[in-house]
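# Summary of the model geometry
Listed below are the residues making up each chain.
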Amino acid sequence: MRARDQAAVSALRTTLAALDNAEAVPVDEAAPRGLALEQSPAGVGVTEAARRELSERAVVDLVRTEATERLRAAAQLTAPPHAARAARLRAEATVLLRFLDGPRAEESTASDADTEPGPVTA
């Protein structure tokens, strides 16, 4: 944010939101919704539910999926008026892949810009 890199900020914010959504507590449809007042839990933290903990592999897969989605969207934006948006999506994908693969991700992203990305693999 301090470097004012808008592509990096945008990519990181949306990816953090996706990770946050993936860790959300699943809604249990079988749980009773309306309890009588005397049956309601009381006390500090009794209504808190533990969030899911993602494995490192799940986090890597989610970040790679976010990058792949950006590359696919950029590949579909072929009209000249959309060139700036496609470039921004590629830049965002580069930021995400840099976290996974290090500096070599930038080189592979540049070569992927002309081709449709393949299936997501880790």
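Quick caveat: nothing in here was measured; it's all calculated off a predicted structure.

### Things to note about the overall build of the protein
- Helix and strand counts for the protein come out as four helices and zero strands.
- Order of helices (α) and strands (β) in the protein, N terminus to C terminus: α-α-α-α.
- Counting every position in the protein, which comprises 122 residues, the buried fraction comes to 23%.
- Sequence-distant contacts in the protein: of pairs separated by 6 or more residues, those separated by 24 or more amount to 73%.
- Surface exposure of the protein reaches about 8,700 Å², of which carbon and sulfur atoms provide 53%.

### Description of helix α1 (residues 6–22)
- Given a rise of 1.5 Å per residue, 17 residues ought to cover 24 Å, and the 24 Å separating the end C-alpha atoms of α1 matches this to within 8%.
- Restricting attention to buried positions, one finds in α1 the residues A7, A8, V9, A11, T15, A18 and L19.
- Tucked inside the fold, the buried residues of α1 contact α2 (56–76) and α3 (83–101).

### Remarks on the pattern of salt bridges
- A complete count under the given rule lists six salt bridges for this structure.
- R57 serves as the salt-bridge partner of D61, at 3.8 Å between the closest nitrogen and oxygen. Highlighted residues: D61 and R57, both in helix α2, separated by four residues, approximately one helical turn.
- As a salt-bridge pair, R64 and D101 come within 3.4 Å of each other at their nearest N and O atoms. Of this pair, R64 sits in helix α2 while D101 sits in helix α3; the two residues are 37 residues apart in sequence, bridging distant segments of the chain.
- Through salt bridges with shared partners, one network takes in E66, R70, R88 and E92.

### What about the nonpolar core?
- Counting residues in hydrophobic clusters, the biggest one holds seven residues: A11, V63, A67, L71, A93, L96 and L97.
- Elements supplying a minimum of two residues to this core: α2 and α3.
- Apart from residues no more than four positions distant in its own chain, A67 is found in contact with A93, L96 and L97.

### Regarding the environment of A11
- Topologically, A11 is positioned in helix α1.
- Its relative accessible area of 0% is what places A11 among the buried residues.
- Between the C-alpha atoms of A11 and V63, which are 52 residues apart in sequence, the distance is 9.8 Å.

### Structural notes on the packing of α1 against α2
- The geometry of α1 relative to α2 is characterised by a closest axis approach of 10 Å and an angle of 135° between their N-to-C directions. Classified by the angle between their axes, α1 and α2 sit oblique to one another. Where α1 crosses over α2, the two elements pack in a sense that is right-handed. Facing α1, whose interface residues are S10, A11, T14, T15, A18, L19 and A22, α2 presents V59, L62, V63, E66 and R70.
- Among the residues forming the contact of α1 with α2, the class breakdown is seven nonpolar, three polar and two charged.

### Quick look at the packing of α2 against α3
- Between α2 and α3, the least distance of the axes is 8 Å, while the angle of their chain directions is 160°. If you check the angle between α2 and α3, you find them roughly antiparallel. For α2 against α3, the interelement crossing comes out left-handed. For the pair α2 and α3, the contacting residues are V60, V63, R64, E66, A67, R70, L71, A73 and A74 in the first and A86, L89, R90, E92, A93, L96, L97, L100 and D101 in the second.
- Grouping the constituent residues of the contact of α2 with α3 by class yields twelve nonpolar, no polar and six charged.

What counts as what
Residues numbered from 1 in each chain as written. Predicted model: local features only at pLDDT ≥ 70, side-chain atom pairs only at ≥ 80, totals over all residues. Heavy atoms only, no water. Helix = DSSP H or I, 4+ residues; strand = E, 2+ residues; numbered from the N terminus. Buried < 20%, exposed > 50% of the residue type's maximum accessible area, 1.4 Å probe, protein only. Contact = heavy atoms within 4.5 Å. Areas by Shrake-Rupley, 256 points an atom, 1.4 Å probe, with all protein chains shown as cover. Expected span 1.5 Å × (residues − 1). Salt bridge = Lys/Arg side-chain N within 4 Å of Asp/Glu carboxyl O. Core = buried A, V, L, I, M, F, W, Y, C linked by side-chain atoms within 4.5 Å. Axes fitted to C-alpha atoms, helices over the stretch in contact; angles between N-to-C directions. Parallel < 35°, antiparallel > 145°, perpendicular 65-115°, else oblique. Left-handed = near helix turned anticlockwise from the far one by under 90°. Nonpolar A, V, L, I, M, F, W, Y, C, P; charged D, E, K, R; others polar.

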